[in-house]
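Breakdown of the fold
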Amino acid sequence: MKKNYLLFFIILFFLSCNNNSKHTINKEENSSVNNSLNQASEKIEIKNENLTPVSTNDTITISTQHSTNHINADIDGDNKPDDIFIVKGNNSGKYGLKIRFADGHCDYFGMGNEILEQKFDDIIWAGIFEKAPKGKVYWSNVDDEGELIMPEDVKDKITLPNDGIFLHELESCGGGIIYWANGKYHWIQQE
């Protein structure tokens, strides 16, 4: 068991040394990391009321269904890279996100739990998974009725205070950005 933990931390060390924000974990790394994740019986900490965590009874594995299943980004603005994984809840059979912060604590989205009141609980659809860089300007381009808003009609533009997570369907419209600001997670709808 100590060898698994050592291997897990060695893999994390090499992953954190990668400056490229896009990285796909190969099958050998995936198997080793998944074994370590499952053996470590994680206790899930609720960071704020807007985060719906997975059940502590669920075990997770890193997605093999997504070509990119891991990115690095500074989600909380501490100038340290955080690891974000697309994971599958083994009990629910649904996909979500695991955000492992540089200080070691983790937040979870999806895997059968509604994500930020967006009426979905699974991100199997996310064909694009990448960092939304700090300082870039975004806005929701859909109104409350689901109609597209033209860029010139947008009133609330958001400059990301920290890096965010961009999720989007590959073959069609739809997706958004998850970001952390003012002590909670937010969603920006992108069609």
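Above this text is the structure in question.
Counting restarts for each chain: residues are numbered from 1 in the order of the written sequence. This being a predicted model, a pLDDT of at least 70 is required before a residue's local features are given, and a value of 80 or more before pairs of side-chain atoms are given or counted; all residues contribute to the totals for chains, interfaces and linings. The side-chain numbers reported here are obtained from all heavy atoms of the structure, hydrogens and water having been left aside.

By convention, a stacked pair of Phe, Tyr or Trp rings (six-membered ring in the case of Trp) has centres within 6.5 Å and planes under 30 degrees apart, an edge-to-face pair has planes over 60 apart, and any other such pair is tilted. Applying the stated rule across the entire model yields four aromatic pairs. On the basis of an interplanar angle of 90° and a centroid distance of 4.8 Å, the ring pair of F109 and Y185 is categorised as edge-to-face. Separated by 76 residues along the polypeptide, F109 in strand β6 (residues 106-110) and Y185 in strand β12 (residues 184-189) bring together distant segments of the chain. Judged on exposure class, the residue F109 and its partner Y185 are both buried. Between the aromatic rings of F120 and W125, the centroid separation amounts to 5.5 Å while the plane-to-plane angle is 85°, which identifies the pairing as edge-to-face. Think of it this way: any DSSP run of H or I at least four residues long counts as a helix, any run of E at least two long counts as a strand, and we number them from the N terminus. Relative accessibility decides the category of a residue: with a 1.4 Å probe and only protein chains considered, values under 20% of the type maximum give buried, values over 50% give exposed, and everything between is partly exposed.

Time to look at the sheet that holds strand β11 (residues 175-181). Pairing is antiparallel in the open sheet, where four strands are placed in the order β7-β10-β11-β12. Edge positions in the sheet fall to β7 (126-132) and β12, since each of these pairs with one other strand and no more. Going across the sheet, the axis of each strand differs from the next one's by a mean of 20°, ignoring polarity. In this structure, strand β10 (residues 164-169) lies alongside β11, joined through four bridges in antiparallel fashion. Paired with H168 across the strands is G175, a residue of β11. Two strands make a pair as long as DSSP finds a minimum of two bridges between them. Axis lines are fitted to C-alpha atoms, over the contacting stretch for helices. Their N-to-C directions set the angle, which ranges from 0 to 180 degrees.

Turning to its location among the elements, D83 is positioned in strand β4 (residues 82-89). Look at D83 and you get buried, because its relative accessible area is 10%. Any pair of nitrogen or oxygen atoms within 3.5 Å is treated as a polar contact; in protein, a donor-acceptor pairing is required on top of that, and neighbouring residues in sequence qualify only through side-chain atoms on both sides. At a separation of 2.6 Å, a polar atom in the side chain of D83 contacts the side chain of N72. Whether two residues are in contact is decided by their heavy atoms: any pair within 4.5 Å suffices. Setting aside its immediate chain neighbours within four residues, D83 contacts H70, I71, N72, K98, I99 and R100.

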